[in-house]
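Geometric and topological summary
Listed below, chain by chain, are the residues.
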Amino acid sequence: MAGRQRLERVAIRHTVGLDDKVEGIGGVADIKENAGARYFKLKLNGDPLADAARLIRIGAELATLVA
């Protein structure tokens, strides 16, 4: 580790769990909830129709984030 240099930037990832709120205050796009993350790991439950509907909702919320 002695030869390693400190990185200028670090990527932050936020995991969106199955029980996490999607919309509104405390939702996936809430800066207080996701700590300003730019990368998201999305949990799925194995039901294709329910997962697709949830991913659409999450995508709509994340689209509101400032790039």
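Below you will find a few notes about this structure. (Residues numbered from 1 in each chain as written. Predicted model: local features only at pLDDT ≥ 70, side-chain atom pairs only at ≥ 80, totals over all residues. Heavy atoms only, no water.)

Here we take up the overall build of the protein. Broken down by element type, the protein carries 2 helices and 2 strands. Helices and strands in the protein line up, N terminus first, as β-α-β-α. At 15 Å, the protein has a C-alpha radius of gyration far larger than the 11 Å of a compact globule built from 67 residues. Each principal axis of the C-alpha atoms in the protein carries an extent, and together these give about 50 × 25 × 20 Å. Restricting to contacts in the protein with at least 6 residues of sequence separation, those with at least 24 account for 66%. Entry remark: accessible area of the protein is about 5,500 Å², with carbon and sulfur atoms responsible for 57%. (Helix = DSSP H or I, 4+ residues; strand = E, 2+ residues; numbered from the N terminus. Rg over C-alpha atoms; globule rule 2.2 N^0.38 Å. Contact = heavy atoms within 4.5 Å. Areas by Shrake-Rupley, 256 points an atom, 1.4 Å probe, with all protein chains shown as cover.)

Position of glycine 36 among the secondary structure elements: in the loop between helix H1 (31-34) and strand E2 (39-42). Looking at glycine 36, the relative accessible area reads 34%, which means it is partly exposed. Taking the C-alpha atoms as reference points, glycine 36 and valine 66, 30 residues apart in sequence, are found 9.9 Å from one another. (Buried < 20%, exposed > 50% of the residue type's maximum accessible area, 1.4 Å probe, protein only.)

Here we take up the pattern of salt bridges. All chains considered together, the criterion is met by 1 salt bridge. Residue glutamate 23 is joined to arginine 57 by a salt bridge in which the shortest nitrogen-to-oxygen separation is 2.8 Å. Of the two residues, glutamate 23 sits in the loop between strand E1 (13-16) and H1 while arginine 57 sits in helix H2 (residues 48-62), which places them 34 residues apart along the sequence. By relative accessible area, arginine 57 is classed as partly exposed at 39%. (Salt bridge = Lys/Arg side-chain N within 4 Å of Asp/Glu carboxyl O.)

Ranked by size, the top nonpolar core spans 5 residues in total: Val16, Val22, Val28, Ile58 and Leu62. Setting aside anything within four residues of it in sequence, one finds valine 16 in contact with Val28, Phe40, Lys41, Leu42, Lys43, Arg54 and Ile58. (Core = buried A, V, L, I, M, F, W, Y, C linked by side-chain atoms within 4.5 Å.)

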